[in-house]
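# Per-entry structural report
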Amino acid sequence: MSRPVDEPRPVAAGPAGRPAPPDELSAAPDEFPGTIRRAFPNNDGVSVLAASAIDDPELRSGIRNLLRKPELRAELERVWATPPDADCPHPERVYRELGERGWLAPHWPRRYGGLAASAYATAVTAEELALHGVPDSVRVNTIDNAGATLLAAGSEEQRQRFCPGMAAGEIVFSVLYTEPHAGSDLGSMATTAEPAGDGWRLAGTKTWNARTAQAHFGVCAARVRGHGDNAYAATGLFVVPLDHPGVRVEPIATVNPERFFTVRLDDVVLPADALVGAPGQGWSLLSEALGMERTGVCFAGRARRWFDQLVAALHARGQLEEAERVHRLGALDAEIRSCRLLAWRAVQGLAEGRLNGAAAAAAKWWTSELAQRVAWLAFDLLGPAVHSDRHFPDLVLAAREAPGLTLAAGTSEIQLTTLATDLLDGGDPWEEPT
Ligand SMILES: Cc1cc2nc3c(=O)[nH]c(=O)nc-3n(C[C@H](O)[C@H](O)[C@H](O)COP(=O)(O)OP(=O)(O)OC[C@H]3O[C@@H](n4cnc5c(N)ncnc54)[C@H](O)[C@@H]3O)c2cc1C
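What comes next concerns the included structure. (Residues numbered from 1 in each chain as written. Predicted model: local features only at pLDDT ≥ 70, side-chain atom pairs only at ≥ 80, totals over all residues. Heavy atoms only, no water.)

Quick look at the site of the ligand now. Near the ligand lie 16 residues; those nearest to it are Val175, Thr178, Ser184, Thr411 and Glu413. Between a nitrogen atom of the ligand and a side-chain N or O atom of Thr178, the distance comes to 2.7 Å. Thr411 is positioned with one of its side-chain polar atoms (N or O) 2.6 Å from an oxygen atom of the ligand. In isolation the ligand exposes 960 Å². Once the protein is present, 63% of that is buried. Mapped by element, the contributors of at least two residues to the shell around the ligand are strand E3 (199–210) and helix H16 (412–424). With 3 residues, E3 is the single largest residue contributor to the shell around the ligand. Looking at side-chain class alone, the shell around the ligand contains 8 nonpolar, 7 polar and 1 charged residues. In this structure, the shell around the ligand is formed jointly by two domains, domain 2 (173–280) and domain 3 (287–424), each of which donates at least three residues. (Near = heavy atom within 4 Å. Polar contact = N/O pair within 3.5 Å; in protein donor to acceptor, adjacent residues only side chain to side chain. Areas by Shrake-Rupley, 256 points an atom, 1.4 Å probe, with all protein chains shown as cover. Helix = DSSP H or I, 4+ residues; strand = E, 2+ residues; numbered from the N terminus. Nonpolar A, V, L, I, M, F, W, Y, C, P; charged D, E, K, R; others polar. Domains from an automatic or database assignment.)

What follows is the structure, given as structure tokens:
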């Protein structure tokens, strides 16, 4: 049985069915304490998606139950306790347990480690990880990005070699697209791939590659020599083992909790089957692979988690009842609900193969901007004692992550340009099929 995705999450009940006092709620910090809901009862039950069979309640509750296991909870608590100047560790055990059950990539075919479910199921995984504060760049890069590329254009041998390990949480990919002088304008990338014997020689520098030190392989965009000057027509995607001779991985220090790297490719010689698909197919593959991230479902999940924890922390401090603050938070709660609906509408478009670029741009822009705003509001309202607030265990990570949300997967300015261009051309990003 499907359930509307925006059905209110259960509020922990106290004695005689009253909302639980904050201390009881703190055992389950991802549940909503109900204060805002009592102040704004009509906010409940937004169910625009009620008629669609797009949620997967079994998967959702399976993931929630799994993440309650004490050893996984302990691993996540170690992640959230990352000191402000340290890198946040990869929760490998959480990933492997999700992978064992086919939940990292549920929409993949069973022979590649998935459950043969729809794209909705993978969106449920993405949303649940965000709601539970599980660092997700390894999943996004490995499953949504490199995995989507391999499934779309890889040979059967490539898929067999990589996909089951990726879906199991054992093989990690890093995404090697951005360069020192090619970010938003990826078309000006300078990394080249030229034929060398039976294979390829790659040369160039990639940067802002997330979590590369944890990764085994990179999916690397390069201009394939002999395919013209137009980067869109000449881009190929290559699988690069990150311990290969000629590959140098160098850390970059930033405020972001997940470490970035620069990857130097000094005449890296790869076999012929390092290329995924055809030379020149890379641009469309990498654009398509950004689809799930641009639905904004992960950003909307972060906004919800951080907001609920902010409310719980203010409630515990007795700082919630002031009317002006309740109004402000109530308005933000409504915004987060509608941003979630927008994200799921984009997921629906993706699952039905009709998500256009402008709709994805709108969803990515709004959800990431909103999550960023919530993180910074929380940091402002909770003040310098944030490190020790048990009601908001990952507030410091949230504040460190916030600046990157509106840059990763296409900056806000680029999303707005895409959206505005479509609207000025008379497009309707959300046009329904007739
Ligand atoms: C959290 C995070 C994770 C990332 N992970 C990866 C990864 O794993 N692999 C990878 O390859 N890359 C990754 N990146 C890099 C990311 O893709 C780039 O940061 C992004 O594409 C922007 O490129 P840039 O940093 O070169 O900025 P630039 O493109 O130089 O942009 C700088 C500023 O100028 C603005 N701007 C640029 N062009 C225009 C324009 N035409 N109109 C208006 N404004 C414009 C931008 O919006 C931005 O504010 C990650 C980035 C972040 C923040």
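This is not the end of the story, as more comes after the structure.
Next up on the list: helix H6 (residues 119–131). Between its first and last C-alpha, H6 extends 18 Å over 13 residues, near the 18 Å set by a 1.5 Å rise per residue. Just downstream of H6 lies Gly133, where phi reads positive at about 70°. (Expected span 1.5 Å × (residues − 1).)

Okay, the nonpolar core next. One finds Leu98, Leu202, Phe238, Val240, Trp306, Leu310 and Trp344 to be the most contacted residues of the largest nonpolar core, which totals 75 residues. Ranked by size, the runner-up nonpolar core spans 27 residues in total, among them Ile143, Phe173, Tyr177 and Trp283. (Core = buried A, V, L, I, M, F, W, Y, C linked by side-chain atoms within 4.5 Å. Buried < 20%, exposed > 50% of the residue type's maximum accessible area, 1.4 Å probe, protein only.)

With that out of the way, let us pick up the pairing of strand E4 (residues 217–224). The buried count for E4 comes to 7 of 8 residues, which makes it a mostly enclosed element. Note that strand E2 (residues 192–196) and E4 share 2 bridges and pair parallel. By the bridge assignment, Ala193 is partnered in E4 with Val224. Sheet analysis places E4 next to strand E5 (residues 235–241), joined by 7 bridges and oriented antiparallel. If you follow Gly218 over to E5, its bridge partner there is Val240. (Pairing = 2+ DSSP bridges.)

Any functional reading would require information that these geometric values do not contain.
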